[in-house]
Amino acid sequence: NNNAYSTKVKDLDELKKLVGKELGISKWIEVTQENINVFAKITEDEQWIHIDKEKSEKYSPYKTTIAHGFMILSLASRFSYDTLTIESAKMGVNYGVDRVRFTTETPSGGFVRGRVCLIVCEKYGVNAKYKLGLTFELQGQEKPVCVAVPMTIAYE
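Not measured: the values here are computed from a predicted model.

Could you clarify how one ought to interpret the overall build of the protein in this entry?
Across its full length, the protein holds six helices and eight strands. In sequence order, the secondary structure elements of the protein are arranged as β-α-β-β-α-α-α-α-α-β-β-β-β-β. Looking at the protein as a whole, 41% of its 156 residues are labelled buried. Taking the contacts inside the protein whose residues are at least 6 apart along the sequence as the reference set, 68% of them involve residues at least 24 apart. Distance between charge centroids for the protein: 5 Å, based on 21 positive and 20 negative side chains.

This is how it looks when you write it as structure tokens:
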């Protein structure tokens, strides 16, 4: 399946049965130069490769500006939210990333989406810890932009 879709489960017991399965694919999101510039300003990471179109066209191997890797990684929560709903969960807390690897760059004007699968779901009483396998796909490219394993605690 290559179309955007999401999974809805009634509770954490139902989620646990989906370990090893794909949960969803988000819609494509454009990475605009404006988004890149705002991220650069907020994070105080205003390197020319991100914000200077003229210099990038001249010196960058990509011939355009590129998004910060952590800007792309910051979409993990959105992609998780867009692809998984746990009806009984009162709160979910993202408590980090178990693994992350940036495999290629995202050019300004590129489109990314998240493909999400469930790697682990461990129950602790009525609550659970789960890890998602999140592949950040770049439209028109076979190689993903980033692969990550965000970790979440869900409270019922």
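Continuing now.
How should I be thinking about helix H6 (residues 76-83) in this particular structure?
Spacing of three or four residues puts side chains on the same side of an α-helix, whose turn is 3.6 residues. For H6, the set of buried residues is Ala-76, Phe-79, Ser-80 and Thr-83. The buried residues of H6 occupy an angular sector of 100 degrees when the element is viewed end-on, so they sit on one face.

Got a minute to help me understand the pairing of strand S8 (residues 146-155) in this structure?
Counting buried positions over the ten residues of S8 gives seven, a clear majority of the element. Relative to S8, strand S5 (residues 91-102) runs antiparallel, the two sharing eight bridges. Directly across from Phe-102, in S8, lies its bridge partner Cys-146. Relative to S8, strand S7 (residues 127-138) runs antiparallel, the two being bridged by seven bridges. Within the sheet, the bridge partner assigned to Tyr-130 lies in S8 and is Thr-152.

Any chance you could explain the nonpolar core here in plain terms?
Among soluble globular proteins, nonpolar side chains are generally buried collectively. Judged by nonpolar contacts, the single largest core of 31 residues is most densely connected at Leu-15, Tyr-130 and Phe-136. Put simply, the parts of the chain that give this core at least two residues each are helix H1 (12-16), helix H2 (33-43), helix H5 (69-73), H6, strand S4 (84-86), strand S6 (111-124), S7 and S8. Residue contributions to this core peak at six residues, all from S7. Residues within four places of Leu-15 in sequence aside, it is in contact with Val-9, Leu-84, Ile-86, Leu-118, Cys-121 and Tyr-130.

What is the right way to read a nonpolar patch on the surface from this model?
On the surface, Phe-70, Val-97, Val-100 and Phe-102 cluster together into a nonpolar patch covering about 340 Å² of accessible area. Ranked by the residues each element gives to the nonpolar patch, the list is headed by S5, at three residues. Its location among the elements puts Val-100 in strand S5.

Rules behind the numbers
- Residues numbered from 1 in each chain as written.
- Predicted model: local features only at pLDDT ≥ 70, side-chain atom pairs only at ≥ 80, totals over all residues.
- Heavy atoms only, no water.
- Helix = DSSP H or I, 4+ residues; strand = E, 2+ residues; numbered from the N terminus.
- Buried < 20%, exposed > 50% of the residue type's maximum accessible area, 1.4 Å probe, protein only.
- Contact = heavy atoms within 4.5 Å.
- Lys, Arg positive; Asp, Glu negative; His and termini not counted.
- Charge placed at Lys NZ, Arg CZ, Asp CG, Glu CD.
- Arc of directions from axis to C-beta.
- Pairing = 2+ DSSP bridges.
- Core = buried A, V, L, I, M, F, W, Y, C linked by side-chain atoms within 4.5 Å.
- Patch = residues over 30% accessible without salt bridge, like charges linked within 9 Å, V, L, I, M, F, W, Y side chains within 5 Å.
- Areas by Shrake-Rupley, 256 points an atom, 1.4 Å probe, with all protein chains shown as cover.
- Salt bridge = Lys/Arg side-chain N within 4 Å of Asp/Glu carboxyl O.

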